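Listed below are the residues making up each chain.
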Amino acid sequence: MSVVNFEFRNEVLKHNASLSYCYQCSTCSGGCPVALLTDGKYNPRKIIEEAILGFQEKLVDEQDPNVWLCSTCQTCVELCPQNVELTEIFSLIKNRCFENGNYPEGFFSQGQAIIENGVAIPYSNAILNRRKKLGLPDVKTASVDEIRKLLKLTQFENNIKKRGG
Amino acid sequence: MGYDLFLGCVIPARLPFLEASSRKVFEKLGIELKDVDGFSCCPDPTGIEQIDHKTWLTLGARNLSLSRNSNGGIVSFCSGCVETLKGVNYFLNKDKKTKEEVNKDLKKIGGSYDGNTNVKHFAQVLYENLDKIRENITHPLDGFKVAVHYGCHYLRPSEYIQWDDPFEPKTIDEIVRVLGAESIDYELKLECCGNPVEKSDKELSLLMIKNKLQSIQDSGANCVALVCPACYQQFDFNQRELSKEEGIDFDIPVFYLSELVALALGIDRGDLGLNFHRIKPKSLFEIVHFA
Ligand code: SF4
Ligand code: SF4
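Reading the values: the criteria
- Residue positions within a chain follow its written sequence, with the count starting from 1.
- A letter from A marks each chain and a number from 1 marks each ligand, given out in the order of writing.
- In keeping with the predicted nature of the model, local features appear solely for residues at pLDDT of at least 70, side-chain atom pairs appear and are counted solely at 80 or more, and the whole-chain, interface and lining totals rest on all residues.
- The side-chain numbers reported here are obtained from all heavy atoms of the structure, hydrogens and water having been left aside.
- The score called pLDDT rates the predictor's confidence residue by residue, from a low of 0 to a high of 100.
- Any residue with a heavy atom lying within 4 Å of a molecule or strand is counted as near it.
- For this classification, the nonpolar set comprises Ala, Val, Leu, Ile, Met, Phe, Trp, Tyr, Cys and Pro, the charged set comprises Asp, Glu, Lys and Arg, and every other residue, Gly included, is treated as polar.
- Secondary structure counts use DSSP, requiring at least four H or I residues in a row for a helix and at least two E residues in a row for a strand, with both numbered from the N terminus.
- Paired strands are those between which DSSP finds at least two bridges.
- Contact criterion: two residues are considered in contact whenever any of their non-hydrogen atoms come within 4.5 Å of each other.
- In this entry, domain limits derive from an automatic or database-based domain assignment.
- Note on terms: buried area is the combined drop in 1.4 Å-probe accessible area of two parts once they are placed together, counting the loss on both.
- When a carboxyl oxygen of Asp or Glu lies within 4 Å of a side-chain nitrogen of Lys or Arg, that pair is called a salt bridge.
- Here a polar contact means two N or O atoms within 3.5 Å. Within protein one must be a hydrogen donor candidate and the other an acceptor candidate, and residues neighboring in sequence count only if both atoms are side-chain atoms.

Visitor: Could you clarify how one ought to interpret the confidence of the model for chain B in this entry?
Guide: As a note on interpretation, predicted positions should not be read in detail where pLDDT is low. Chain-level statistics for chain B give a pLDDT mean of 97 and a share of 100% at 70 or above. Both scores are available for the predicted complex, with the pTM at 0.97 and the ipTM at 0.95.

Visitor: Is there a simple way to think about the site of ligand 1 in this case?
Guide: As a structural note, the neighbourhood of ligand 1 is formed by 13 residues, with Cys-22, Cys-25, Ser-26, Cys-28 and Cys-80 of chain A the closest of them. Grouping the amino acids of the shell around ligand 1 by side-chain chemistry returns eight nonpolar, four polar and one charged.

Visitor: Sorry, what's going on with unusual backbone geometry here?
Guide: Glycine aside, negative phi is the norm for most residues, and most peptide bonds take the trans geometry. Residue Pro-65 of chain A is reached from Asp-64 of chain A by a cis peptide bond, and omega for that bond is -5°. Relative to the elements of secondary structure, Pro-65 of chain A occurs in the loop between α5 (56–62) and α6 (75–79). Of note, the amide linkage connecting Cys-42 of chain B to Pro-43 of chain B takes the cis form, showing an omega dihedral of -5°. In this structure, Pro-43 of chain B sits in the loop between β2 (32–35) and α3 (48–51). Residues other than glycine seldom take positive phi values, yet Gln-24 of chain A does so here, at roughly 60°. Relative to the helices and strands, Gln-24 of chain A is located in the loop between α1 (6–15) and α2 (27–31).

Visitor: Can you walk me through the sheet that holds strand β6 (residues 182–183) of chain B in this structure?
Guide: Sheets are built from strands paired through backbone hydrogen bonds, the pairs being either parallel or antiparallel. Residues and elements named next belong to chain B. Spatial strand order, β6-β5-β7-β8: four strands in an open sheet with parallel pairing. Of all the strands in the sheet, the pair left with one neighbour each is β6 and β8 (254–256). As paired strands, strand β5 (residues 145–149) and strand β7 (residues 223–226) are joined by four bridges and run parallel to one another. By the bridge assignment, Val-148 is partnered in β7 with Ala-225.

Visitor: Even after reading the chapter, I still don't get the side chain of Glu-259 of chain B, so can you show me in this structure?
Guide: Position of Glu-259 of chain B relative to the elements: it lies in helix α14 (residues 257–264). Those residues within four positions of Glu-259 of chain B in sequence are excluded, and the remaining contacts are Phe-17, Leu-18, Ser-21, Val-254, Leu-272, Leu-274 and His-277 of chain B.

Visitor: I would appreciate a short explanation of the site of ligand 2 in the present structure.
Guide: Not every one of the 14 residues close to ligand 2 is listed here, only the nearest: Cys-32, Cys-70, Cys-73, Gln-74 and Cys-76 of chain A. Counted by class, the shell around ligand 2 contains nine nonpolar, five polar and no charged residues.

Visitor: Just to check I follow, could you spell out the domain arrangement of chain A for this structure?
Guide: Many descriptions give the size of an interface as the accessible area lost when the pieces come together. One can read the domain layout of chain A as domain 1 (6–99) and domain 2 (105–163). If you average the C-alpha positions of domain 1 of chain A and of domain 2 of chain A, the two centres end up 30 Å apart.

Visitor: What's the story with the interface of chain B and chain A in this structure? I'm lost.
Guide: On the side of chain A, 52 residues touch chain B, which itself brings 63 residues to the contact. Of the roughly 5000 Å² buried where chain B meets chain A, counting both sides, 65% is carbon and sulfur surface. At the junction of chain B and chain A, the tally comes to three salt bridges. The partner of Arg-131 of chain A in a salt bridge is Glu-19 of chain B, with the nearest N and O atoms 2.7 Å apart. One can count 23 residue pairs in polar contact (both at pLDDT 80 or more) joining chain B with chain A. Among the elements of the structure, α1 (10–14), α2 (16–28), α3, α4 (53–65), α5 (79–94), α6 (96–107), α9 (152–155) and α12 (202–219) of chain B are those that each provide at least two residues to the side of chain B that touches chain A. Each residue belonging to the side of chain B that touches chain A can be placed in one class, and the counts come to 29 nonpolar, 14 polar and 20 charged.

Pasting the structure below:
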């Protein structure tokens, strides 16, 4: 039998106190497009329940339900009668998955691109030519050094490096 | 009147033709867009926020600090950028301690942010200038039966998007009607396009867009209008993907709202880069006799 993990529960609460308002009515799951298409295998109410109980292993290690399947459509947030900010709570859980190196590849490459370029998509020569043909001006994006400095301060670069970035 | 233009990443570096039509429409309406040096990724609310909330807040605050409300604040062509920039404002102003922490980091690069920069979506600006659009229409979009796709982040969370209605939106429908087109209702109008789950489950993402396109086809609409580059890629690029992978040909052209406005305002079609669309709008133009 699982016991409540107060440490993780408090961590989620600290990130977003609205967790404590949930009374498990399941309105969120009823309106969730992903729950509908996965036959309830993905279930936002269940994720919130596990967060209330502090079930870190379920949420971060086993990813059951898999929090990465949330499309961030914000329907549940809008529908929740208790104003639980579900997607903010999910983002804390996903952040913990990230720190443990447990996340889909696409997120890693976006993170790496920002470390290297300051932007998520670098400007290829083909695009630069296309921009010229369309009569668009040159874009002066952020200094990579400046962005890198910030990414070191927030530990982002370290977390990406752990995955061999 | 004008704004600081926040371009973000996807539009300028992957879909620059959407930037072209948007800039041309603003120019035609006499709304100045100022290019600002030094913006980074917004960062992506469906990407970076999900892996590192603190980084999302910090880079977002840095971007916001580069704009001045005296310049009109920020306008963006992308719903994701708008969601991030409004969201960062919301969270920084909700929690003083977070704002202090973020500012501690910003200070180390010589910056600071007060939490007050105004942010608008380009469709909001168009809606606020509806009369000007109406006066300047030279080519009404007769015969265009438009399925409007609002996209999630244009509307929700309403707590900080604070624009239109999260479940009964009307702004884009109204713009489309002013252009002379018909807005066609369809069952899955408010459903998510599925783009953000592509990174986690490609199959699920394709199923979501397939269902949407089916609903649009069933409604009798002959094109789509939308306002977000992530939705655009999902509707246009992945419509092609569905055709290749599953042999399903919806053949529904997908327009950025700025493209429809540009067409109605008589902006030269050759300047819009419509040839970069995967689903070519040419046959629609022929069907509705749009010259
Ligand atoms: S809708 Fe809100 S209160 Fe109801 S189960 Fe979901 S999170 Fe809890
Ligand atoms: S935000 Fe995520 S959990 Fe909420 S309804 Fe949308 S897909 Fe479901």
